[in-house]
Amino acid sequence: MNKPPSSNQLLCAVGENLVCAQLMARGWPCVNLNNSINNFKGIDLYCQHGLESTDIIGIQIKTSAKSSFLVGLTNEEASDRALLNKKIIGPWIFVHIKTADPLDVDYYVVPRQAVIDIIHEAHQWYLYQWKRPATPSLKESPATIKLQWLQGWDDSSRESAIPFTNPHPGDIFRESWNKIWIQNDTSDDLST
């Protein structure tokens, strides 16, 4: 069993191409923006909801072979809901590469508002509910999303008297490809 690629750029390219293949296999044409502009801000893929559809959505892809995903923000930025509402413009698909050979991957398809909810709530908890001050270095450290949060689990720490309560409990995002088309992120939309 081989480990996934170690270069972050290579790992990201693998994730983007795997998602593109998944979307096209479902009849949703897709284009990888990073093929023409290196690290296009906020969007990695454009996807069309069928060949005849005018519905097009921008998707952010996050890929990891570990138990967490970098989100491209600092911890302090991740705790600011207004900033998240500006920066997160569409759904995110998290690609968890468990092994490279044979390829074993899980996909977590998370609508825009659910991404914002999870990032915001987790980083409010991490910065302000733990038994230590939110120092400048902690605030400026890279923000992550834990795989277990995408799987709907809560989290606790001996450093926090208050556990993190997942705003989206249950394993509702794994392989939930139709969730990329959810625009209003109501709890009814997310449970299907």
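Quick caveat, the model's predicted, so the values are computed rather than measured. (Residues numbered from 1 in each chain as written. Predicted model: local features only at pLDDT ≥ 70, side-chain atom pairs only at ≥ 80, totals over all residues. Heavy atoms only, no water.)

**Q** Help me understand the pattern of salt bridges, please; the structure alone is not making it clear to me.
**A** Two side chains that carry opposite charge are able to pair once their charged atoms sit near each other. A full pass over the atoms with the stated rule returns seven salt bridges. Across the salt bridge formed by Lys 98 and Asp 104, the nearest N and O atoms sit 3.6 Å from each other. Taking the relative accessible area as the measure of exposure, Lys 98 reaches 36% and is therefore partly exposed. Using a relative accessible area of 34% as the deciding quantity, one classes Asp 104 as partly exposed. Here Asp 155 and Lys 146 are joined by a salt bridge, their closest N and O atoms 2.7 Å apart. We classify Asp 155 as buried; its relative accessible area is 9%. Members of the salt-bridge network, linked through shared partners, are Lys 98, Asp 104, Asp 106, Asp 171 and Arg 174. (Salt bridge = Lys/Arg side-chain N within 4 Å of Asp/Glu carboxyl O. Buried < 20%, exposed > 50% of the residue type's maximum accessible area, 1.4 Å probe, protein only.)

**Q** Which parts of the structure should I look at to understand the layout of surface pockets?
**A** One water molecule sets the probe size; rolling that probe over the atoms shows where empty space is left. A volume near 170 Å³ is recorded for the second largest pocket. If you go around the second largest pocket, the residues you meet are Asn 75, His 123, Trp 125, Tyr 126, Trp 130, Ser 141, Pro 142, Ala 143, Thr 144, Lys 146 and Trp 149. Of all the elements in the fold, those that place two or more residues in the lining of the second largest pocket are helix H4 (112-128) and strand S7 (142-146). A class-by-class count of the residues in the lining of the second largest pocket yields six nonpolar, four polar and one charged. (1 Å grid on protein atoms, 1.4 Å probe; cavity = no way out; pocket = protein on both sides within 12 Å on 5 of 7 lines; lining within 4 Å. Points joined across faces, edges and corners; volume = space filled by probe spheres on them. Helix = DSSP H or I, 4+ residues; strand = E, 2+ residues; numbered from the N terminus. Nonpolar A, V, L, I, M, F, W, Y, C, P; charged D, E, K, R; others polar.)

**Q** Can you help me understand the nonpolar core in this one?
**A** One broad trend across soluble globular proteins is that nonpolar side chains are buried collectively. Counting residues in hydrophobic clusters, the biggest one holds 24 residues, and the most contacted among them are Phe 94, Val 110 and Ile 119. Of all the secondary-structure elements, those providing two or more residues to this core are strand S4 (68-74), strand S5 (92-100), strand S6 (103-110), H4, S7 and helix H6 (147-150). With seven residues, the single largest contributor to this core is H4. Counting residues in hydrophobic clusters, the runner-up holds 21 residues, among them Leu 11, Leu 18, Tyr 107 and Val 109. (Core = buried A, V, L, I, M, F, W, Y, C linked by side-chain atoms within 4.5 Å.)

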